[in-house]
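Coordinates in review
Here is how the chains run, residue by residue.
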Amino acid sequence: MFGLSALELARIQFGFTVSFHIIFPAITIGLASYLVVLEGLWLWKKVAVFRDLYHFWSKIFAVNFAMGVVSGLVMAYEFGTNWSYFSAFAGGVTGPLLAYEVLTAFFLEAGFLGVALFGWSKVGPTLHFFATIMVALGTLISATWILASNSWMQTPQGFEIIDGRVVPVDWLQVIFNPSFPYRLAHMVAAAYLATALFVGASGAWHLLRRRDTLAVRTMLSMAMWMVLAAAPLQILIGDQHGLNTLKHQPAKIAAIEGHWQNTPGKSVPLILFGVPDMTAETTRFAVSVPHLGSLLLTHSWDGQIPGLKEFASEDRPNSTVVFWSFRIMVGLGMLMVLLGLWAAWARLRCQLYRSRLLLHFAVLMGPAGLIAILAGWFTTEIGRQPWVVYGVMRTSDAVSNHSLQELSATLAIFVLVYCTVFGTGISYMIKLVARGPDASLGQAEEILHRRPARPLSAAPDNVDPAVDLVKD
């Protein structure tokens, strides 16, 4: 297929399924916490708009959660089908971590999800709120185990290789490996940002269509507060994550920066734009800012980082890809900061719900969080190459022995099925968002699920038995 090798097709197939899957857990994590906030505010203030928004977003959460579960199951099977040698080699670490995720997080989410979605009027408010909290907690625990497994592949420790297999000798070191805290914080913040942008875009879209209700204003306002707080925080987390990556994966940083070699006594410039050429070992058409690379990457004016030429050619990540994927992520992050500041300024001028230019910008930024997550994920995973377990196992040694025909056929089937199934699910979810929150939704559900104490108490109060008898 297109002159690609079996290894490249296996990587593309796994990358395709991961790209579809990752957007659903990101929204699930953010919406679950958002539902906790909404129900908490409803219980505290008894303002109906929070109840109505809870019912509205809980339906979207349910659809998104289901698609996340289905897409995640496929990935679990791919570890055995496409990456069997990796599973045989590192399964002693990755297998238990994924099992812990199922036992502690997925069961917790699934156990309380039914109560959170269908128990609003069937259980007491305290129990229902507890169920909502447990679902949100489950999403965060799930992210913790998944990030622990992936971070171990980036910065492995706490293991020994015995008879050609990885054997964990210290689970605390395995889980709390050097990159884990930064990657977990970065991913959770990204999920909250992506959800806030999604919710904010929904509110802005309804306002542009002149659906100016209290519920629409509330979700736009809450989303913009989250963007204002989380976007700058994400930049600080990313900075610390970058310092950690420079320490443990210097080749990845060199590839991200398109930096090939150092000049003795000179600082590292920050290349804003350019085209890294892996064959010529240079970054063409570079537009750079002197000293800024040293300042951002080492926090010193004249600090240096290793250049790509210091690594063997077979150990270099593809700088052409990660150079631009990283800049897409950072560029979108800067736009998120701009949106938060713009919304705060408009709020002070009482123009948050009236500025059509701001509302159009908020709508355009709706998918920005998810795109940034994908760009960051590409940067992380492609930047780790050619290693599947950094410095321990090469990706070429991890792939199963499948033919080009088998991988080509299954990749084509994956693309067709995923675009059909998840395209339908995403389309349905967007239609739910387009309907907007209904102010009477919460009251209607309470009436629908209310259980009468006696049989006749379910009948309306204005029934006239004599009239009904005549009708009969």
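Each remark here, short or long, concerns the structure printed above.
Rules of the game
Residues numbered from 1 in each chain as written. Predicted model: local features only at pLDDT ≥ 70, side-chain atom pairs only at ≥ 80, totals over all residues. Heavy atoms only, no water. Salt bridge = Lys/Arg side-chain N within 4 Å of Asp/Glu carboxyl O. Buried < 20%, exposed > 50% of the residue type's maximum accessible area, 1.4 Å probe, protein only. Helix = DSSP H or I, 4+ residues; strand = E, 2+ residues; numbered from the N terminus. Axes fitted to C-alpha atoms, helices over the stretch in contact; angles between N-to-C directions. Parallel < 35°, antiparallel > 145°, perpendicular 65-115°, else oblique. Contact = heavy atoms within 4.5 Å. Nonpolar A, V, L, I, M, F, W, Y, C, P; charged D, E, K, R; others polar. Core = buried A, V, L, I, M, F, W, Y, C linked by side-chain atoms within 4.5 Å. Lys, Arg positive; Asp, Glu negative; His and termini not counted.

With respect to the pattern of salt bridges
A complete count under the given rule lists seven salt bridges for this structure. Ionic pairing is found between Arg217 and Asp212, a salt bridge with its closest N-O pair at 2.7 Å. Note on Arg217: relative accessible area 27%, which makes it partly exposed.

Digging into unusual backbone geometry
The omega angle of the peptide bond from Gln385 to Pro386 is 10 degrees, so this bond is cis rather than trans. Here Pro386 is to be found in the loop between helix 12 (368-384) and strand 5 (387-389). Its identity as a non-glycine residue notwithstanding, Lys46 has a phi of 55 degrees, on the positive side. Among the residues examined, Lys46 registers a relative accessible area of 52% and is labelled exposed. Even without glycine at this site, His299 takes up a positive phi of about 60 degrees. Topologically, His299 is positioned in the loop between helix 9 (292-298) and helix 10 (319-348).

Some remarks on the packing of helix 1 (residues 6-45) against helix 6 (residues 180-208)
Packing of helix 1 against helix 6 leaves a shortest axis separation of 8 Å and a crossing angle of 80 degrees. Considering their axes alone, helix 1 and helix 6 lie roughly perpendicular with respect to each other. Contacts between helix 1 and helix 6 involve Ile22, Ala26, Ile27, Ile29, Gly30, Leu31, Ser33 and Tyr34 from the former and Met187, Ala191, Tyr192, Ala194, Thr195, Phe198 and Val199 from the latter. A class-by-class count of the residues in the contact of helix 1 with helix 6 yields 12 nonpolar, three polar and no charged.

Topic: the nonpolar core
Counting 107 residues, the largest nonpolar core has Trp57, Ile60, Phe86 and Met336 as the members making the most contacts within it. Among the elements that take part in this core, helix 1 stands out by supplying 20 residues, more than any other. The residues touching Ile60, leaving out its near neighbours within four places in the chain, are Leu31, Phe198, Met429, Leu432 and Val433.

Brief notes about the environment of Leu407
Topologically, Leu407 is positioned in helix 13 (residues 404-435). In this structure, the C-alpha to C-alpha distance between Leu407 and Gly30, residues 377 residues apart in sequence, is 35 Å. Beyond its immediate sequence surroundings of up to four residues, Leu407 is in contact with Ala6, Leu9, Ala10, Gln13, Asn82 and His402.

Examining the environment of Gly80
Note that Gly80 resides in helix 2 (residues 48-81). Along the primary structure Gly80 and Ala185 are separated by 105 residues, whereas in three dimensions their C-alpha atoms are 29 Å apart.

Quick notes on the side chain of Glu39
Residue position: Glu39 is located in helix 1. An unpaired buried charge is present at Glu39: no salt bridge exists, and Lys46, the closest side chain of opposite charge, is 8.9 Å distant. Residues in contact with Glu39, not counting those within four places in the same chain, are Tyr54, Trp120, Pro125, His128, Phe129 and Thr132.

As far as function goes, none of this settles anything; it's purely spatial.
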